[in-house]
Amino acid sequence: MTILDRLSRLLRANVNDLISKAEDPAKIIDQALRDMRGAYGDARSEVASAMAQAAKLEREANTNSTLAAEYEKKAEEALRGGSEDLAREALRRAQNHKDLAKGFQEQQQIQQSTIDQLKTQLRALEAKIDEMQSKQTLLAARQKTAQAGATLEKVSGFDKAGGAMNAFNEMEQKVAGMEDRNKAMTQLRTEGDFDAQLKDLGRDKDVDDALAALKAKVQGNGQ
């Protein structure tokens, strides 16, 4: 399993857990970034270990190549000294070290290929972290803007305007009702007060007399 595969599973598990807890988007992004940075540290350690192993394989290959060359030299010396059996044994050991050197070289090449892949994944992970950091900054700005809009609505009283208007209308209706009740009570008192009715009759007679006098004056001037 590659670094990115392991990271993907880790992120899905953590993000799903945050979503299930109804956490806000900023916290989800922040947690994802922490997981990615942690994975990045693990990935660097993995690459470093792979590079150390590759260096060890290369060292073993070089050592066996050197030993193979030394035994070939000893075989030549033994043959010059007239010891064919020693020369044969030296050549056998030289061949063993050549085989080991070849095996270590092949493993070192495989290891180097793995290192190249790990480095590629590491660079991809770095790019993902940079991308996520940019998204985190943008998301934080969008969240602040949304929160500012909600705060402005509360501060300006728009969210309370409907309730205040309803209260005003209700109070206006109560006042109108009180006025209607007072008017009705006054009318009832007048209708039940005989003296008040007589007084109103007298007031109407005075008005009628004044109107008759005014008509007579107008008609006299017209003649």
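The coordinates are above.
Residues numbered from 1 in each chain as written. Predicted model: local features only at pLDDT ≥ 70, side-chain atom pairs only at ≥ 80, totals over all residues. Heavy atoms only, no water.

Novice: What should I look at first to understand the overall build of the protein in this one?
Specialist: Looking only at helices and strands, one finds five helices and zero strands in the protein. Mapped from its N terminus to its C terminus, the protein presents α and β elements in the order α-α-α-α-α. Restricting the contact set of the protein to residue pairs at least 6 apart, pairs at least 24 apart contribute 76%. Here the protein has roughly 16,700 Å² of accessible surface; of this, 55% comes from carbon and sulfur atoms. (Helix = DSSP H or I, 4+ residues; strand = E, 2+ residues; numbered from the N terminus. Contact = heavy atoms within 4.5 Å. Areas by Shrake-Rupley, 256 points an atom, 1.4 Å probe, with all protein chains shown as cover.)

Novice: Just checking my understanding: could you explain the environment of Tyr-40 for this structure?
Specialist: With respect to the element layout, Tyr-40 can be found in helix α2 (residues 25-80). A distance of 2.3 Å separates polar atoms of two side chains, one belonging to Tyr-40 and the other to Glu-126. (Polar contact = N/O pair within 3.5 Å; in protein donor to acceptor, adjacent residues only side chain to side chain.)

Novice: What is the right way to look at the side chain of Gln-108 in this model?
Specialist: Within the secondary structure, Gln-108 is located in helix α3 (residues 84-156). Among the residues examined, Gln-108 registers a relative accessible area of 17% and is labelled buried. Not counting the four nearest positions on each side in its chain, Gln-108 is found in contact with Ala-54, Leu-57 and Glu-58. (Buried < 20%, exposed > 50% of the residue type's maximum accessible area, 1.4 Å probe, protein only.)

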